[in-house]
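Structural overview for review
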Amino acid sequence: MELRPYQWEVIMPALEGKNIIIWLPTGSGKTRAAAYLAKRHLETVDGAKVVVLVNRVHLVTQHCEEFSSMLGRRWSITTLSGDMGPRAGFGHVARRHDLLICTAELLQKALTSLEEEEHVELNAFSLLVVDECHHTHKGTVYNVILSRYLELKFQRTRPLPQVLGLTASPGTGGASTLDGAIDHVLQEPFGDMLKELMDQIHDHLERPELRRDFGTQTYEQQVVELSRDAAEAGLQEQRVYALHLRRYNDALLIHDTVRAVDALATLQDFYDRERTTKTQVLHAERWLLALFEDHKNELAHLATRGPENPKLAMLEEILQKQFRSPDSPRGIIFTRTRQSAHSLLLWLQQQPGLQTVDIRPQLLIGAGNSSQSAQMIQMTQRDQQEVIQKFRTGTLNLLVATSVAEEGLDIPQCNVVVRYGLLTNEISMVQARGRARASQSVYSFVAAQGSRELKRELTNEALETLMERAVAAVQEMDQAKYQDRIQDLQRAALVKRAAQAARRESHQHKFLAEHVRLLCVNCTVPVGYGSDLRRVEGTHHVNVNPNFSIYYTVSHEPVVINRVFKDWRPGGVISCRNCGEGWGLQMIYKSVKLPVLKVRSLLLETPQGRVQSKKWSRVPFTVPDFDYVQHCAQSLADFSLD
């Protein structure tokens with residue numbers, strides 16, 4: 001029985017052993033093509049065994065006729081369905097036949113059965129044919145079976161069956177837009193694998209009430225709160241799970257914005273630092289390190305072979321069009337985070353389609369902080385001004401910027417402004433668009449169709465109109481009424497500010513500093529008291545207790561800060577001697593070495609329980625200023641006593 005040319009065309013990748021979906025219209029011979037593939041598979045694969053899954057009982061007999069016609073009598077074919085009455089066990093039947101056609105429910109029952117005659121493993125088959133595979137979604141039995149396949153894949157179980165899907169309509173997965181339908185059809189494997197690993201972490205966490213809306217800002221907020229609550233409750237392993245889940249979520253957000261390789265790089269950097277800095281490793285951390293180690297090669301494989309981010313394709317199209325102009329174009333790409341700015345710069349430098357275009361890009365970002373990846377460059381004000389000067393003179397013609405470039409900085413006129421996947425307010429939108437001041441300038445907003453970012457941008461446009469109406473109304477106000485309204489608003493602002501200041505003052509005096517104990521946030525070892533702390537230059541919080549040095553280590557290499565300070569310079573990274581958790585850095589202040597602490601690296605044990613503060617300005621006790629002369633005098637007195 002011969003195939004038609006189009007049937008040959010669709011099965012060719014499957015004949016090479018690849019997992020594919022055959023998408024052909026109803027009546028065009030999908031089943032015949034699948035039957036031919038099954039025949040070739042049985043002919044060429046040692047120990048081959050084929051299972052054909054259907055989702056309706058009547059299809060079992062129908063498919064049996066088609067496959068029997070193609071295969072002839074050389075191979076043994078049998079069928080199983082729920083209406084057969086008493087029958088031999090599924091496993092027993094499967095072991096004694098070359099090709100089995102059955103309803104998906106029966107295979108699922110056999111996969112979970114504990115009876116030897118009934119039980120079968122998915123990898124007992126070498127080819128899995130899924131008829132009407134568009135039903136593989138949500139809680140359907142097809143999805144349950146293929147989720148089991150994914151589990152085996154991620155566990156590196158070998159061999160695994162080749163998978164062939166048959167459908168006349170892949171559907172859109174509920175999407176009403178092209179991009180959404182594309183996502184449904186592709187089911188981007190890198191992102192799916194990250195989510196699968198996050199599911200495994202959630203299962204270990206044993207907190208079923210937690211949402212699993214991975215790759216969203218709301219999920220990030222959930223795990224941040226979980227980490228804080230676990231730290232305050234002394235649940236170290238739960239805190240560790242939350243911290244790692246946040247890193248995976250960061251990777252999903254980066255993947256959505258730029259490339260899978262960029263997302264993987266941030267995860268790899270995090271795990272490299274975890275492995276080299278931690279001296280006390282919890283059971284949860286060992287498991288999490290092993291989980292990533294076991295899957296990093298597969299992630300790397302998927303990262304380099306997945307579909308291109310459609311937002312990047314759109315950005316490339318904009319840049320190709322604008323920067324081929326002979327009019328010396330200059331542009332700014334605005335993006336949300338320093339990480340995405342770095343990733344976009346890398347993409348600009350590496351994207352083959354942009355290498356023939358005269359684009360000379362550079363970053364324009366804020367200063368960052370010590371919690372950022374070691375690969376992340378931080379920019380000082382001097383760095384920013386140097387970049388802007390090169391942009392002004394034409395040495396650079398494209399800036400990849402965060403919100404630091406939206407306003408305030410003296411940046412010359414641009415004729416290309418792109419807001420790339422931003423979720424901001426109408427003020428940021430107007431500020432960024434205002435950079436496109438040159439004649440014939442182009443303003444673009446790049447986001448997925450139907451995304452939160454696009455909805456926000458449309459809302460911003462409506463709010464901009466409302467803002468213009470409000471300004472016009474103010475301009476038309478009666479002068480006396482205008483003055484009265486202004487005074488009312490000013491009085492209200494003063495009252496509000498005074499109330500806020502009173503609340504802050506009350507909070508800062510909630511406890512005596514000597515009654516608040518400082519603990520390492522990771523291992524909860526007590527390392528000092530609030531009364532040991534002082535503020536240097538009103539910003540840097542240091543521990544001046546000479547005995548504090550027994551609790552931490554200092555790295556040999558100093559922290560690199562691309563900036564010169566008047567009275568101090570950075571020393572090495574300081575870490576908990578007990579567990580290796582990073583606490584901050586050493587400051588050499590007028591020749592005195594002082595440990596500068598990050599507030600998030602500490603737990604505060606107060607008379608009313610443990611708390612973790614986001615900022616030093618919010619700790620519930622007062623921290624006095626550092627007195628250099630007094631500190632030196634005390635140090636000399638201590639030395640004399642020794």
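This section reports on the structure supplied with the text. (Residues numbered from 1 in each chain as written. Predicted model: local features only at pLDDT ≥ 70, side-chain atom pairs only at ≥ 80, totals over all residues. Heavy atoms only, no water.)

Overview of the overall build of the protein chain
If you tally the helices and strands in the protein chain, you get 19 helices and 21 strands. Taken across its 642 residues, the protein chain has 43% of its residues classed as buried. Of the contacts made within the protein chain by residues no fewer than 6 positions apart, 65% connect residues no fewer than 24 positions apart. For the protein chain, the exposed area adds up to about 33800 Å²; of that, 50% sits on carbon and sulfur atoms. (Helix = DSSP H or I, 4+ residues; strand = E, 2+ residues; numbered from the N terminus. Buried < 20%, exposed > 50% of the residue type's maximum accessible area, 1.4 Å probe, protein only. Contact = heavy atoms within 4.5 Å. Areas by Shrake-Rupley, 256 points an atom, 1.4 Å probe, with all protein chains shown as cover.)

Let's talk about the side chain of Ser 81
Mapped onto the fold, Ser 81 is located in the loop between β3 (77-80) and α4 (90-95). Classification of Ser 81 by relative accessible area gives buried; the value is 7%. Setting aside chain neighbours within four positions, we find Ser 81 in contact with Val 57, Val 60, Thr 103 and Leu 106.

Brief notes about the packing of helix α5 (residues 104-112) against helix α6 (residues 141-154)
Where α5 meets α6, the axes come as close as 9 Å, and the angle between the chain directions of the two elements is 40°. Taken as axis vectors, α5 and α6 run oblique relative to one another. Pair α5 / α6 crosses with left-handed handedness. Residue-level contacts link Ala 104, Glu 105, Leu 107, Gln 108 and Leu 111 of α5 to Val 141, Tyr 142, Val 144 and Ile 145 of α6. When its residues are assigned to classes, the contact of α5 with α6 shows seven nonpolar, one polar and one charged. (Axes fitted to C-alpha atoms, helices over the stretch in contact; angles between N-to-C directions. Parallel < 35°, antiparallel > 145°, perpendicular 65-115°, else oblique. Left-handed = near helix turned anticlockwise from the far one by under 90°. Nonpolar A, V, L, I, M, F, W, Y, C, P; charged D, E, K, R; others polar.)

Some thoughts on the sheet that holds strand β4 (residues 99-103)
Ordered by their spatial adjacency, six strands build an open sheet running β1-β6-β5-β2-β4-β3, and the pairing between neighbours is parallel. With partners counted over all chains shown, the strands left at the sheet margins are β1 (20-23) and β3, one partner each. Averaged over all adjacent pairs, the angle separating strand axes in this sheet is 15°, with direction ignored. In the sheet, strand β2 (residues 50-54) pairs with strand β5 (residues 127-130) via four bridges, with the strands oriented parallel. (Pairing = 2+ DSSP bridges.)

Focus on the pattern of salt bridges
Here the structure, examined in full by the defined rule, presents 24 salt bridges. As a salt-bridge pair, Arg 275 and Glu 293 come within 3.2 Å of each other at their nearest N and O atoms. One end of the pair, Arg 275, is in helix α11 (residues 260-277); the other, Glu 293, is in helix α12 (residues 283-305), with 18 residues separating them in the sequence. Taking relative accessible area as the criterion, Arg 275 reaches 38% and is therefore assigned partly exposed. Among the charged side chains, a network of salt bridges with common partners joins Arg 239, Glu 274, Lys 278, Glu 285 and Glu 581. (Salt bridge = Lys/Arg side-chain N within 4 Å of Asp/Glu carboxyl O.)

Quick look at the packing of aromatic side chains
This model, assessed by the stated rule, comprises 11 aromatic pairs. Among the aromatic residues, ring-to-ring pairing joins Tyr 248, Phe 270, Tyr 271 and Phe 292 into one connected group. Against the face of Tyr 628 rests Lys 590, its NZ or CZ located 5.2 Å from the ring centre. (Phe/Tyr/Trp six-rings, centres within 6.5 Å; stacked < 30°, edge-to-face > 60°. Lys NZ or Arg CZ within 6 Å of the ring centre and 35° of its normal.)

A look at the nonpolar core
By size, the foremost hydrophobic cluster in this structure holds 70 residues, and its most contacted members are Phe 190, Tyr 248, Leu 319 and Ile 333. If sequence neighbours within four positions are ignored, Ile 333 has contacts with Leu 315, Leu 319, Leu 344, Leu 348, Leu 398, Leu 399, Val 400, Ala 401, Val 418 and Tyr 420. In terms of nonpolar packing, the next biggest core, distinct from the first, is built from 29 residues, Leu 37, Leu 59, Leu 71 and Val 129 among them. (Core = buried A, V, L, I, M, F, W, Y, C linked by side-chain atoms within 4.5 Å.)

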